[in-house]
Amino acid sequence: MWDVFEISVNLFQVTIIIQTITNYLGSRYTDLKGKILGALAVAILFIELNYINEKVNFEGLAIIVPIFITFIYAVIALRGSWKKKLYCSVLIMIFIIGITTVVMNFMGILFDRTYVDLIEEKNNIRIISLVIIQVLIFYITRIFLHKRSEDVGELSWDMWIITIIIPIVSIMILAFVLEISINTIDEFRDSGIKMAILVSMGIFVTNISNYS
């Protein structure tokens, strides 16, 4: 039963990723080919996410893989410049890792659990955490679609580089912060998690404000 829940959550998440970037950029194909490419992208991302969940406790360190998969899908199946496609691929992952970081650390403080505990324990706390994360991902991506700018990706090179660097650096910082919160010794765990939440929220809000 637990495996079914985990699989359902992963499937929902990758479907939201592909659906969001497809709606943002627009499909090159209006026939069956577009649907097949979208379904194939969902399947590949789904397999990758399940593999990561089995092999590592912290998905953020492997965030480059889904970014690459999403970008390749966008290049093959979607409209727009490659700059715009890379921008979307990176930013969607920022939403996911930012939401995951904030929610998991907050739930850790609320229920006196470590990040690793919340990942490894199969209990109601993890179920609640995963549900909250998926709901937030859904609504944040809806805001992203509502606020999208048709000119994104057609900026000058210097502005585009800044646009891409901000989320990439944010991913690196979030990965570093989560790694610290995972490995913090018990005496400093509460303060470490609180700092992780504050840093994560700051980075997340900065990115939302910058691209909304």
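Residues numbered from 1 in each chain as written. Predicted model: local features only at pLDDT ≥ 70, side-chain atom pairs only at ≥ 80, totals over all residues. Heavy atoms only, no water.

Overview of the overall build of the protein chain
Formally: Strands here are runs of E lasting at least two residues and helices are runs of H or I lasting at least four, both read from the DSSP assignment and numbered beginning at the N terminus. For each residue, the accessible area found with a 1.4 Å probe, counting protein chains only, is set against the maximum for its type, and the residue is called buried under 20%, exposed over 50%, and partly exposed in between. Here, two residues are considered to be in contact whenever any of their heavy atoms come within 4.5 Å of each other. Here, Shrake-Rupley sampling with a 1.4 Å probe gives the accessible areas, and only protein chains in the shown set may cover a residue.
Counting its secondary structure elements, the protein chain contains eight helices and zero strands. Listing every helix and strand of the protein chain by position from the N terminus yields α-α-α-α-α-α-α-α. In the protein chain, which comprises 212 residues, the share counted as buried stands at 49%. Nonlocal contacts in the protein chain, meaning residues at least 24 apart in sequence, comprise 82% of its contacts between residues at least 6 apart. Accessible surface, the protein chain as shown: approximately 11100 Å² in total, 69% of it carbon and sulfur.

Describing helix α6 (residues 124-146)
Counted only if it meets this: To estimate the expected span of a helix, subtract one from its residue number and multiply by 1.5 Å.
In this model α6 runs 33 Å from its N-terminal to its C-terminal C-alpha over 23 residues, within 8% of the 33 Å that 1.5 Å per residue would give. Along α6, the residues that are buried comprise I125, R126, S129, L130, I133, Q134, I137, I140, T141, F144 and L145.

What to know about the nonpolar core
Most often, soluble globular proteins keep nonpolar side chains buried together rather than apart. Going by this rule: Side-chain atoms within 4.5 Å are what join buried Ala, Val, Leu, Ile, Met, Phe, Trp, Tyr and Cys residues into a set we call a nonpolar core.
Core analysis: the biggest nonpolar cluster contains 38 residues, and I21, Y24, L25, Y73, L78 and F144 have the highest contact counts within it. Sorting the residues of this core by element identifies α1 (2-25), α2 (32-55), α3 (64-77), α4 (82-110) and α6 as the ones contributing at least two each. In terms of residues, this core owes the most to one element, α4, which gives 13 residues. What Y73 contacts, discounting residues up to four positions off in sequence, is I18, I21, T22, L37, G38, A41 and L78.

Some details on the packing of aromatic side chains
Definition in use: Aromatic rings from Phe, Tyr and Trp, with only the six-membered ring used for Trp, were paired whenever their centres fell within 6.5 Å, and each pair was classed as stacked if the ring planes differed by under 30 degrees, edge-to-face if by over 60, and tilted otherwise.
If you walk through the whole model with that rule in mind, you get two aromatic pairs. Both rings, one in Y24 and one in Y87, keep their centres 6.3 Å apart while their planes meet at 45°; by these two values the pair is tilted. Here Y24 is found in helix α1, whereas its partner Y87 is found in helix α4, with 63 residues between them in sequence. Centre to centre, the rings of F138 and Y139 are 5.2 Å apart; their planes meet at 85°, and the pair counts as edge-to-face. Looking at Y139, the relative accessible area reads 52%, which means it is exposed.

A look at the environment of T15
Turning to its location among the elements, T15 is positioned in helix α1. Remark: the alpha-carbon pair of T15 and A41, spanning 26 residues in sequence, is separated by 8.9 Å.

Notes on the packing of α1 against α3
Heads up, the rule is: Axes, fitted as lines to C-alpha atoms, cover a helix only where it is in contact. Angles between the N-to-C directions of the axes lie from 0 to 180 degrees. Each crossing gets its hand from how the near helix is turned against the far one by less than a right angle, where anticlockwise is left-handed and clockwise is right-handed. We call Asp, Glu, Lys and Arg charged. Ala, Val, Leu, Ile, Met, Phe, Trp, Tyr, Cys and Pro are nonpolar, and the rest, Gly among them, are polar.
In the contact formed by α1 and α3, the axes pass within 11 Å of each other and the chain directions differ by 35°. As for how α1 packs across α3, the hand of that crossing is right-handed. Judged by residue contacts, I17, I18, I21, T22 and L25 of α1 engage T70, Y73 and A74 from α3. By residue class, the composition of the contact of α1 with α3 is six nonpolar, two polar and no charged.

Considerations on the packing of α1 against α4
Interhelical geometry of α1 versus α4 gives an angle of 145° and a closest axis separation of 10 Å. Crossing of α1 against α4: the hand is right-handed. Across from Q13, I17, T20, I21, Y24 and L25 in α1, the residues of α4 making contact are K84, K85, Y87, C88, S89, I92, M93 and I96. Here the residues of the contact of α1 with α4 sort into nine nonpolar, three polar and two charged.

Here's the deal with the environment of P66
Within the fold, P66 resides in helix α3. Expressed as a C-alpha distance, the spacing of P66 and F46, which sit 20 residues apart in the sequence, is 9.6 Å. Ignoring anything within four residues of it in the chain, the contact list for P66 reads L45, E48 and M93.

Any functional reading would require information that these geometric values do not contain.
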